[in-house]
Amino acid sequence: MDGPVTEEPVKEEPVKEEPVTAQATLRILSAGAGVTLQDAGRHGYLRYGITPAGPMDPLAHATANRALDNPPGATAIEVSLGGLSLTAEATALDVALAGGDLRIDLDGRPLPGAVALTLRPGARLTLRAGRAGAWCSLAVAGEIAVAPVLGSTATHTRSGLGGLHGRGLRAGDALAVRAARASVGDPCRLAAPWLHRPPDVIRVVLGPQDDLFEASALETFLAGAWRIGPRGDRMASFLEGPSLRARTHDIVSDGIAMGAIQVPGSGQPLVLMADRQPTGGYPKIATVIGADLGRLAQAQAGTALRFAAVDRAQAVAARRAERDVLIPDIPRQPVLRTDFPSEFLLGTNLIDGVVG
C-alpha cells in the first residue's frame, strides 16, 4: 500500500512591480513643414499603388523606440529641419530623441542629439535645424493614440493617409498617449554610437537597369563627386554632379523600392525615399542598401558624397549588423549641465578656498 502523499510547498513567485501608467497628452506648440507621425511603414500595398511611407531614417526611429522599450516600429514623431516645439499637459511622460544632430533644448537648456528624458507638464521641448543631419525621431513611452489606416499609422501627406488626419503636425494639435510611462527623470544621453554615420560614402547594389548604361557611365556614377541638391523632401533627394547618359531614359514603369536611384533625361540622378511614388518609368542605375538609407537621408543640402558598389550578400550582412546593435539595452549617461544662468553664477562663491 502506498504511503501518505506529501504536497510540496508552493513557491510564490516574486510580484513584479509594473510601471505606473496614465493617459497623457502632447501639445504641439509649433511645427515646421515635414513634421509627421510615422511608424515602420504601410507595407504590402505597393502593388495597389499605395506608398509605404514610414521613417526617413529607420535606424534612428528604431533607436528612439528601443531606448524606451517600445517595439522598434512604434509610432513616433518625425521631425524635419522645419523644427518642432511641444509640451506635456497634465501628466508627465518619457520621451527619447535620436537621429540627426539637430539643436535640442528643454526650457532653453541645450541637450545632446540622442537623449531620453521625462517631459513634465509645462516644460517646453524644442528642436531646430542644426549643423548636421536632417531628421530626428521623437518616441514616447506609451502609445500615440491615432487610428491605423491599412494597418499602419505612417503619414503619407500626398495621399492624405495615416497619422493625424493624413497631414503633418501643426500648432495646437493634441496627441493623446495611452499607457504613458514616466521613469527616466532628468535628461540622459543615449549611448548610441551607431547613429554617427558620416554620409561621405553611400553603399549601393547596382541595378536593376544598370545594363542600360554604358560602362563609362557606371564608372562615372561610382567615381563621381556628388552633392545633395537644394531640392528634396520625403519623396526624393536630388543629386548634383556629372551627367549620366543611358541608352534610353524611358522604360516600362515598374515598382520603386526606397533608395532606388533613377536617372531621368537630364542625366542628374535622384534617390527615391520614404514617400516615393509606387512605380516609375526612368531607368534605375542602382539602389541604396537598407543600412545606408538613414545615412543618405540625414545628408543636408550641399553635402558631398560618393557611391560604392557592394553585392547583395554584403548588403544583407550590413542590414543584419544594423539590427543586432538594437538587441541589447541602450545605456544612458547623465547629461552634465554647463549652461548655468548668470544669476546663479553671481550668487555662487566660485573662489572659496583660493589663497594668494
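Residues numbered from 1 in each chain as written. Predicted model: local features only at pLDDT ≥ 70, side-chain atom pairs only at ≥ 80, totals over all residues. Heavy atoms only, no water.

**Some words on the confidence of the model for the chain**
Scored by pLDDT, the chain has a mean of 91; 88% of the residues are at 70 or more. Every residue in residues 1-18 scores below 50 in pLDDT, and together they form zero contacts with partners more than four places removed in sequence or on other chains. (pLDDT = per-residue confidence, 0-100. Contact = heavy atoms within 4.5 Å.)

**Re the sheet that holds strand S13 (residues 188-190)**
Taken together, the seven strands give an open sheet; going across it, the order is S2-S3-S10-S5-S8-S13-S23, and neighbouring strands pair in antiparallel fashion. In this open sheet, the two strands that pair with only one neighbour each are strand S2 (36-38) and strand S23 (332-334). With direction set aside, neighbouring strand axes in the sheet form an average angle of 30°. In terms of strand pairing, strand S5 (residues 93-99) meets strand S10 (residues 136-140) through five bridges, oriented antiparallel. Residue Ala 96 lies in a different strand from S10, and its bridge partner there is Ala 139. (Pairing = 2+ DSSP bridges. Helix = DSSP H or I, 4+ residues; strand = E, 2+ residues; numbered from the N terminus. Axes fitted to C-alpha atoms, helices over the stretch in contact; angles between N-to-C directions.)

**Quick notes on the pattern of salt bridges**
Summed over the entire model, instances satisfying the criterion amount to 16 salt bridges. Here Arg 247 ties to Glu 214 by a salt bridge, and the two come within 3.7 Å at their closest N and O atoms. Residue Arg 247 is located in the loop between strand S16 (236-240) and strand S17 (254-255), and its partner Glu 214 is located in the loop between strand S14 (201-206) and helix H2 (215-223); the two are separated by 33 residues in the primary sequence. For Arg 247, a relative accessible area of 54% corresponds to the exposed category. (Salt bridge = Lys/Arg side-chain N within 4 Å of Asp/Glu carboxyl O. Buried < 20%, exposed > 50% of the residue type's maximum accessible area, 1.4 Å probe, protein only.)

**Quick notes on the layout of surface pockets**
Taken as a whole, the largest pocket encloses approximately 500 Å³ of empty space. What lines the largest pocket is a set of 23 residues, and nearest its centre among them are Pro 58, Leu 59, Ala 62, Arg 319 and Glu 322. If you list the elements that add at least two residues to the lining of the largest pocket, you get helix H1 (58-66) and helix H4 (312-324). Class assignment of the residues belonging to the lining of the largest pocket gives a composition of 13 nonpolar, four polar and six charged. (1 Å grid on protein atoms, 1.4 Å probe; cavity = no way out; pocket = protein on both sides within 12 Å on 5 of 7 lines; lining within 4 Å. Points joined across faces, edges and corners; volume = space filled by probe spheres on them. Nonpolar A, V, L, I, M, F, W, Y, C, P; charged D, E, K, R; others polar.)

**Quick word on the sheet that holds S16**
With mixed pairing, the seven strands of this closed barrel are ordered in space as S14-S21-S18-S19-S16-S15-S22. With strand direction ignored, the average angle separating the axes of adjacent strands in the sheet is 40°. Pairing between S16 and strand S19 (residues 270-272): three bridges, direction antiparallel. Of the residues in S19, the one forming a bridge with Ser 237 is Val 271. Sheet strands touched by H2: S14, strand S15 (226-232), strand S18 (260-262), strand S21 (284-288) and strand S22 (304-309). Its angle to S22, the strand with the most contacts, is close to 130°.

**Topic: H2**
Among all positions of H2, only Ala 217, Leu 218 and Phe 221 are buried. Down the axis, H2 shows its buried residues gathered within 100° of arc, on one side only. Along H2, exposed side chains directed more than 90 degrees from the buried face belong to Glu 219 and Ala 223. (Arc of directions from axis to C-beta.)

**As for the nonpolar core**
Grouped together as the largest cluster of nonpolar side chains are 33 residues, with contacts concentrated most on Ile 77, Leu 125 and Leu 138. For Leu 125, the contacting residues outside a window of four places in its chain are Leu 84, Ser 85, Leu 86, Val 95, Leu 97, Ile 104, Asp 105, Leu 106, Leu 111, Leu 117, Leu 119 and Leu 138. Within the second largest apolar cluster, 31 residues are counted, among which are Met 258, Val 263, Met 273 and Ala 286. (Core = buried A, V, L, I, M, F, W, Y, C linked by side-chain atoms within 4.5 Å.)

**Section: the pairing of strand S8 (residues 115-119)**
Most of S8 is tucked away: five of the five residues are buried. Burial of S8 is two-sided: the residues Val 115, Leu 117 and Leu 119 facing one way and the residues Ala 116 and Thr 118 facing the other way are all buried. Strand direction decides the pairing type here: S5 and S8, joined by five bridges, are antiparallel. Following the sheet pairing, Leu 97 is matched in S8 by Val 115. Two elements, S8 and S13, share two bridges in a ladder whose sense is antiparallel. Of the residues in S13, the one forming a bridge with Val 115 is Arg 189.

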